[in-house]
Amino acid sequence: MPTELKIIQPSSPERSDVCTYMWACAICDEMETCQKDKEGHSRWLVAKRMERIDYKILVMSNKGGVGKSTMTTNLAISLALKGYEVGICDMDIHGPNIPKMVGAEGQKLKISTGGGIIPYQVYNLKIASMSFLLQNSDDPIIWRDAYKYEFINQLLGGVEWQDLNYLFVDLPPGTGNESVTTIDLIGEVTGCVIVSTPQEVALLDSRKSVTFAKDSEIPIIGIVENMSGMECPHCHQPIEVFRKGGGEAAAADMGVPFLGRVPLDPDLVTQSDYGEPYALFHSDLPTAEAIHSIANKIDEFCKRRSSLVHVPSRKPPFKKA
Ligand code: ADP
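Please read all numbers here as calculations on a predicted model, not as lab measurements.

Engineer: Please explain helix 8 (residues 266–274) as it appears in this structure.
Structural biologist: Of the positions making up helix 8, those classed as buried are Leu 268, Gln 271 and Ser 272. All buried residues of helix 8 project into a common sector of 105° when viewed along the axis, lining one side. For helix 8, the N-terminal capping position is held by Asp 265, with its side-chain oxygen 2.8 Å away from the main-chain nitrogen of Asp 267. Residue Gly 275 follows helix 8 closely and has a positive phi angle near 75°.

Encoded structure:
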């Protein structure tokens, strides 16, 4: 029987420098001769997990509240609907919202009999998030960087992601520890999607994300302009709440692809709050069309890239949703 996973607080006497990945020896070809220390062992385990995932996609922005988690969830759903095996790694340690957006708030992760963490499965997605480890959803995580490093290792290497076509990593805002460590551990990131809203202050931040991705040598799949205008529900005239077109202009200016605009849509908020991913239920409304079109562009990018760079083939899609 799988046992429930507990979070070990930084101050807990249960935490020590002893290697916590010994159980992984069972899946190692070198178990007889292994000389790795804890750091080496955890890196090896992340590499082993990542080997089985075709495309690792980072969703990022330098600003919070622009719709990263919303886009991550809906883009992942869109690709799962095409029949791909998709996972979401919610790397937002302080504000883990993905479980809420898929109706899985309050769920707990279990440990498999093999010792790995079983990702939570919902809507054909595999999900791992700090949210599943909190006893109470109001509990804040107050951690220094060393503890985050350990946790990021666990989310990438401790979780039994198994064979996936896509792993979306929802990064917290900014270009700090979580982003740097994630990129370092994954090693070969397939590409990143930068989410922005159209107004100047948000664009200023997303330009930093572009520079960060370029400096980190991560291919930029493109910029998404989220909350890009809306239709007045009464007179059907367009309203540009956060202005419109800024994301596209910034993409052109910085020489990176533009993936499309997603309108500001109250239904997207309502369905996220209810835990029902919008893209699962709609296909022909403008917001849904925008999301599915962006997901298709991500898919095209990854396929193009795997024909240029050798990506071990798992012949996607595995099965029809
Ligand atoms: P982030 O991950 O960047 O912090 P979230 O995805 O949590 O942002 O989104 C912040 C809020 O904005 C959520 O309430 C979400 O439902 C809402 N939201 C995101 N995108 C849209 C959109 N296109 N239209 C309306 N609301 C949106």
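Engineer: Can you walk me through the sheet that holds strand 9 (residues 191–196) in this structure?
Structural biologist: Paired through backbone hydrogen bonds, the strands of a sheet run either parallel or antiparallel to each other. Read across the sheet, eight strands follow the order 6-7-3-8-2-9-10-13 without closing on themselves; strand pairing throughout is mixed. Of all strands in the sheet, those bounded by a partner on one side alone are strand 6 (120–122) and strand 13 (258–262). Recorded for the sheet is a direction-independent mean angle of 20° between the axes of neighbouring strands. Pairing between strand 3 (residues 86–90) and strand 7 (residues 125–129): five bridges, direction parallel.

Engineer: Please clarify how the confidence of the model for the protein chain should be interpreted in this entry.
Structural biologist: Fine structural detail should not be taken from predicted coordinates in areas where pLDDT scores are low. The predicted model of the protein chain averages 83 in pLDDT, with 81% of residues at 70 or higher. Within the protein chain, the lowest mean pLDDT, 60, falls on strand 1 (residues 3–4), and the highest, 98, falls on strand 8 (residues 164–170).

Engineer: I would appreciate a short explanation of the packing of aromatic side chains in the present structure.
Structural biologist: The relative placement of two aromatic rings is captured by the distance of their centres and the angle of their planes. Tallied over the full model, the rule gives four aromatic pairs. Centre to centre, the rings of Tyr 84 and Tyr 166 are 5.4 Å apart; their planes meet at 80°, and the pair counts as edge-to-face. With Tyr 84 in the loop between helix 2 (68–81) and strand 3 and Tyr 166 in strand 8, this residue pair connects regions lying 82 residues apart in the sequence. With relative accessibility at 6%, the residue Tyr 84 sits in the buried group.

Engineer: What is the right way to read the pairing of strand 8 from this model?
Structural biologist: Each regular strand shows side chains that alternate between the opposite faces of the sheet. In terms of burial, strand 8 is largely enclosed, as seven of its seven residues are buried. When strand 2 (residues 53–60) meets strand 8, the two strands line up parallel, connected through six bridges. Its bridge partner being in strand 8, Leu 58 is matched across the sheet by Val 169.

Engineer: What is the right way to look at helix 7 (residues 246–254) in this model?
Structural biologist: Note on helix geometry: an α-helix contains 3.6 residues per turn, so any two residues three or four positions apart are oriented the same way. Where helix 7 is concerned, the buried positions are Gly 246, Gly 247, Ala 250, Ala 251 and Met 254. Each buried residue of helix 7 sits inside an arc of 135° when the element is viewed along its axis, so together they form one side. In helix 7, the exposed positions angled more than 90 degrees off the buried face are occupied by Ala 252 and Asp 253. Just downstream of helix 7, Gly 255 is the residue with a positive phi angle, here 70°.

Engineer: What should I look at first to understand the site of the ligand in this one?
Structural biologist: Taken together, 17 residues surround the ligand, and among them Gly 65, Thr 70, Asn 226, Pro 263 and Asp 265 come closest. Between an oxygen atom of the ligand and a main-chain N or O atom of Gly 67, the distance comes to 3.0 Å. Those elements that provide at least two residues to the shell around the ligand are helix 2 and helix 8. By residue class, the composition of the shell around the ligand is eight nonpolar, seven polar and two charged.

Engineer: Please explain the side chain of Thr 190 as it appears in this structure.
Structural biologist: Looking at the element boundaries, Thr 190 is found in the loop between helix 5 (177–186) and strand 9. Classification of Thr 190 as buried rests on a relative accessible area of 8%. A polar atom in the side chain of Thr 190 sits 2.8 Å from the backbone nitrogen of Lys 56. If we ignore the near neighbours within four places in the chain, the residues touching Thr 190 are Asp 54, Tyr 55, Lys 56, Ile 57, Pro 219, Phe 301, Cys 302 and Arg 305.

Engineer: Which parts of the structure should I look at to understand the nonpolar core?
Structural biologist: Inside soluble globular proteins, nonpolar side chains tend to come together where they are buried. One finds Leu 58, Tyr 166, Phe 168 and Ile 298 to be the most contacted residues of the largest nonpolar core, which totals 80 residues. Of the residues forming this core, the biggest block, eight residues, is contributed by helix 10 (residues 286–308). Among all residues touching Leu 58, those that are not within four sequence positions of it are Val 169, Leu 171, Thr 182, Ile 183, Ile 186, Val 189, Gly 191, Cys 192, Val 193 and Ile 218.

Engineer: For this particular structure, what's the right way to read unusual backbone geometry?
Structural biologist: Across residues other than glycine, the phi torsion is negative in most instances, and most of the peptide bonds are trans. Although it is not a glycine, Tyr 123 adopts a positive phi angle of roughly 45°. Among the secondary structure elements, Tyr 123 is positioned in the loop between strand 6 and strand 7. The class for Tyr 123 is partly exposed, based on a relative accessible area of 30%. One non-glycine residue, Gln 162, adopts positive backbone phi at about 60°. Counting through the fold element by element, Gln 162 comes out in the loop between helix 4 (145–158) and strand 8. On the accessibility criterion, Gln 162 (32% relative accessible area) is partly exposed.

What counts and what doesn't
Residues numbered from 1 in each chain as written. Predicted model: local features only at pLDDT ≥ 70, side-chain atom pairs only at ≥ 80, totals over all residues. Heavy atoms only, no water. Buried < 20%, exposed > 50% of the residue type's maximum accessible area, 1.4 Å probe, protein only. Helix = DSSP H or I, 4+ residues; strand = E, 2+ residues; numbered from the N terminus. Arc of directions from axis to C-beta. Polar contact = N/O pair within 3.5 Å; in protein donor to acceptor, adjacent residues only side chain to side chain. Pairing = 2+ DSSP bridges. Axes fitted to C-alpha atoms, helices over the stretch in contact; angles between N-to-C directions. pLDDT = per-residue confidence, 0-100. Phe/Tyr/Trp six-rings, centres within 6.5 Å; stacked < 30°, edge-to-face > 60°. Near = heavy atom within 4 Å. Nonpolar A, V, L, I, M, F, W, Y, C, P; charged D, E, K, R; others polar. Contact = heavy atoms within 4.5 Å. Core = buried A, V, L, I, M, F, W, Y, C linked by side-chain atoms within 4.5 Å.

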